[in-house]
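Take a look at the letters that make up each chain.
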Amino acid sequence: MSCDIILHTCCAPCAGGCVERLLGEGKRIILYYSNDNLCDRMEYDLRLKSVELLAQHYSIELETDPYDNASWMCDICGLEDEPERGRRCSKCFLHSLSKTAKFAEKYHVPYTTSLTVSPYKSSETIFSIGRELGNFAEYNFKKQNGYLNSTRIARELGFYRQSFCGCSMSKRKD
């Protein structure tokens, strides 16, 4: 399939509004599910199931990056005790976006990420990393009610909605 843009997809609840916006702009999208940061295979699979539903609902291609938490742990080594939104998160973004940039090279198209829809993620930090890597399309999906649209789509389509970013350090202690 040819496409206009690769959308790094962290989870379906975030990606839904991003997909609607990109499709609304006439873009042909490939979803790239890459989540080495997830705390375990069960969490990875739960999120993937909803991403598969998202791709099916919008009839768009989905490519899945094999789960490799060990490589992510190596990349964030020494930052495990950092607070949320700190240096560990920046390294995590770099890890995911590097893999997405490499994947996008195969199609000779730009890439972007659903991470920017989250009110808990700094779009400017993500943009800075994307600029460093190159060929990054800066979409601040928070704009134009992006987060509200994403949560609406997640409810309507019955996506699994997690309560943490996914890494073991961010998991809430109940």
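See the structure shown above.
For every chain, the first residue of the written sequence is number 1, and numbering continues from 1 onward in sequence order. Confidence filtering applies because this is a predicted model: local features only for residues at pLDDT of at least 70, side-chain atom pairs given and counted only at 80 or more, and all residues used for totals across whole chains, interfaces and linings. Computation of side-chain values: all heavy atoms of the structure, hydrogens and water removed.

### Quick look at the packing of aromatic side chains
Working step 1: Paired rings are identified among Phe, Tyr and Trp, the last through its six-membered ring, by centres lying within 6.5 Å, and are further divided according to the angle between planes into stacked (under 30 degrees), edge-to-face (over 60) and tilted (the rest). Under the defined criterion, the tally for this structure stands at 7 aromatic pairs.
Working step 2: Seen from their ring centres, Phe 127 and Phe 136 are 6.3 Å apart, and the 55° between their planes marks the pair as tilted.
Working step 3: Among the aromatic side chains, those forming a connected cluster through ring pairs are Tyr 32, Phe 103 and Tyr 107.

### Concerning the packing of helix α1 (residues 12-24) against helix α6 (residues 146-157)
To describe two helices that pack against each other, one gives the angle between their axes and the distance between the axes.
Working step 1: Angles run from 0 to 180 degrees between N-to-C directions of axes, and those axes are lines fitted to C-alpha atoms, restricted for helices to the stretch in contact. Each helix corresponds to a stretch of at least 4 residues labelled H or I by DSSP, and each strand to a stretch of at least 2 residues labelled E; elements are numbered beginning at the N terminus. α6 packs onto α1 with a crossing angle of 115° between their chain directions and a minimal axis gap of 7 Å. Judged on the interaxial angle alone, α6 and α1 are roughly perpendicular. α6 is crossed by α1, and the crossing has right-handed handedness. On the side of α1, the interface is formed by Pro 13, Cys 14, Gly 16, Gly 17, Cys 18 and Glu 20, while α6 contributes Gly 146, Asn 149, Ser 150, Thr 151, Arg 152, Ile 153 and Ala 154. Oblique is the label for any angle not covered by the other classes, which are roughly parallel (under 35 degrees), roughly antiparallel (over 145) and roughly perpendicular (65 to 115). Put simply, a crossing is left-handed when the front helix is turned counterclockwise from the back one by less than a right angle, and right-handed when it is turned clockwise. Whether two residues are in contact is decided by their heavy atoms: any pair within 4.5 Å suffices.

### Thoughts on helix α5 (residues 123-133)
Working step 1: Taken together, the buried positions of α5 are Ser 123, Ile 126, Phe 127, Ile 129 and Gly 130. All buried residues of α5 lie within an arc of 165° about the axis, which places them on one face of the element.
Working step 2: Among the structural elements, α4 (87-105) and β4 (111-113) are those in contact with the buried residues of α5.
Working step 3: Of the residues trailing α5, Gly 134 is marked for its positive phi of about 90°. Between buried and exposed lies partly exposed: a residue is buried under 20% and exposed over 50% of the maximum accessible area for its type, with that area taken using a 1.4 Å probe on protein chains only. Directions are taken from the helix axis to each C-beta atom, and the arc is the one they span.

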